Amino acid sequence: MNDDLITLTAFGGDTIAQVLPRRGFNCISLRVLDEGTELEALWTAPDFVSGQARPASSGIPILFPFPGRLGGTSFEFEGRRYELEAGDALGNAIHGFVLNRPWPLIERSDSHVVGRFVASKDAPEVLSHWPADFQLTATYRVTRRQLSLFIVVENVGSGPLPFGLGLHPYFRVPLGGADAAQCRITVPVDKCWELKDMLPTGKMIPAAEAGLPRDGVEFGQAQFDHVFTALRSQDDTATATIRDPASGRSLKVTFDDTYRECVLYTPGH
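Quick caveat, the model's predicted, so the values are computed rather than measured.

## Observations concerning the overall build of the protein
- Check the secondary structure of the protein and you find one helix and 22 strands.
- Each of the three principal axes of the protein carries a C-alpha extent, and together these read 55 × 50 × 40 Å.
- Partitioning the intrachain contacts of the protein with sequence separation of at least 6 by distance along the chain shows that 58% fall at a separation of at least 24.
- Accessible surface, the protein as shown: approximately 13,900 Å² in total, 47% of it carbon and sulfur.
- Put simply, the protein has 25 plus and 33 minus side-chain charges, and the middle of one group is 1 Å from the middle of the other.

In structure tokens:
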């Protein structure tokens with residue numbers, strides 16, 4: 001199948017997503033037509049498709065088998081040391097192996113696409129850097145005003161597979177209003193991991209002390225690169241919200257309770 005930019009549509013074109021398999025199976029665009037106005041929900045660097053922008057800088061990077069940072073460039077598992085590459089300015093390994101590599105397609109229709117990444121087939125060089133072979137199957141699907149991403153993780157190796165899984169979406173504000181600063185961010189969390197040099201110390205503090213009260217915070221007041229935890233879920237799901245008071249529109253991110261942490265990041269752009 002063609003692994004170039006994939007366009008998914010729903011409801012006669014009122015919801016359109018674009019997925020780029022060759023750069024980590026990243027969804028780089030989600031456009032919604034609402035009352036005659038087309039809104040782009042995701043931010044992507046202009047040179048991302050060409051391969052110039054950083055793989056973690058745009059769209060929805062998929063982070064596996066470790067999201068965020070591991071301290072330094074090595075770790076030990078069951079008595080063996082594994083060497084990794086530094087990926088941030090502090091000399092830490094960051095964001096895993098799959099966000100910057102091509103993913104083969106295994107299925108697609110007008111409204112959905114499935115990609116599958118198998119380490120031993122698609123990046124055999126990483127097997128010496130991680131304890132087990134793995135297979136990641138991801139399905140993007142668009143319905144009316146909604147994008148869903150369903151991911152299956154499988155251990156296809158001979159030993160245990162330690163892993164973490166994360167998504168790194170970049171959302172645009174405002175949502176049709178005039179002022180991004182007035183958009184309110186609400187995340188259902190009660191605690192925040194204390195960080196030192198961007199790595200957790202093991203201590204937790206109340207989320208409000210980290211600048212995120214229960215009723216949320218306006219984007220103009222937000223400066224975050226924080227790891228929150230103690231999520232409040234309902235019916236096994238948690239929902240974070242960005243609301244634009246000027247337009248009355250909201251963007252909601254819903255995820256199941258297998259995710260124990262929620263990172264909130266407000267980049268300069």
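Let us keep going from here.
## What to know about the sheet that holds strand E10 (residues 105-108)
- With antiparallel pairing, four strands are arranged side by side in an open sheet as E10-E11-E12-E13. The open sheet has two edge strands with one neighbour each: E10 and strand E13 (146-155). Strand-to-strand, the axes of this sheet are offset by a mean angle of 15°, without reference to chain direction.
- Across ten bridges, the pairing between strand E12 (residues 134-143) and E13 is antiparallel. Counted as the bridge partner of Gln 135 is Glu 154 from E13.

## Observations regarding the state of the cysteines
- Taken as a whole, this structure holds zero disulfides when the rule is applied.
- The thiol of Cys 192 is unpaired, and the distance to the nearest cysteine sulfur, on Cys 262, comes to 11 Å.
- Among the residues examined, Cys 262 registers a relative accessible area of 14% and is labelled buried.

## Describing the nonpolar core
- Within the largest apolar cluster, 41 residues are counted, with the highest numbers of intra-cluster contacts made by Phe 25, Ile 62 and Tyr 140.
- Secondary-structure elements contributing two or more residues to this core are strand E1 (6-10), strand E2 (15-20), strand E3 (26-34), strand E11 (112-118) and E12.
- Top element by residues in this core is E12. It accounts for five residues.
- Residues Cys 192, Ala 210, Ala 238 and Phe 255 belong to the second largest nonpolar core, which totals 17 residues.

## Regarding the pairing of E11
- Counting buried positions along E11 gives six out of seven residues, so the element sits mostly inside the fold.
- Bridge count between E10 and E11: three bridges; the pairing is antiparallel. Each bridged residue has a counterpart across the sheet, and for Leu 105 the counterpart in E11 is Gly 115.
- Two elements, E11 and E12, share seven bridges in a ladder whose sense is antiparallel. Among the inter-strand pairings, Val 118 is bridged to a residue of E12, identified as Gln 135.

## Considering the sheet that holds E3
- The four strands lie next to each other as E1-E2-E3-E4, forming an open sheet whose pairing is antiparallel. Edge positions in the sheet fall to E1 and strand E4 (37-40), since each of these pairs with one other strand and no more. With strand direction ignored, the average angle separating the axes of adjacent strands in the sheet is 20°.
- Examined bridge by bridge, E2 and E3 share six bridges and lie antiparallel to one another. Its bridge partner lying in E3, Thr 15 is registered against Val 32.

## Observations regarding a negative patch on the surface
- A cluster of acidic side chains, namely Asp 235, Asp 236, Asp 256 and Asp 257, defines a negative patch on the protein surface.
- Relative to the helices and strands, Asp 235 resides in the loop between strand E19 (225-231) and strand E20 (237-244).
- Given the relative accessible area of 70%, Asp 235 is considered exposed.

Quick notes on the rules
Residues numbered from 1 in each chain as written. Predicted model: local features only at pLDDT ≥ 70, side-chain atom pairs only at ≥ 80, totals over all residues. Heavy atoms only, no water. Helix = DSSP H or I, 4+ residues; strand = E, 2+ residues; numbered from the N terminus. Contact = heavy atoms within 4.5 Å. Areas by Shrake-Rupley, 256 points an atom, 1.4 Å probe, with all protein chains shown as cover. Lys, Arg positive; Asp, Glu negative; His and termini not counted. Charge placed at Lys NZ, Arg CZ, Asp CG, Glu CD. Pairing = 2+ DSSP bridges. Axes fitted to C-alpha atoms, helices over the stretch in contact; angles between N-to-C directions. Disulfide = S-S within 2.5 Å. Buried < 20%, exposed > 50% of the residue type's maximum accessible area, 1.4 Å probe, protein only. Core = buried A, V, L, I, M, F, W, Y, C linked by side-chain atoms within 4.5 Å. Patch = residues over 30% accessible without salt bridge, like charges linked within 9 Å, V, L, I, M, F, W, Y side chains within 5 Å. Salt bridge = Lys/Arg side-chain N within 4 Å of Asp/Glu carboxyl O.

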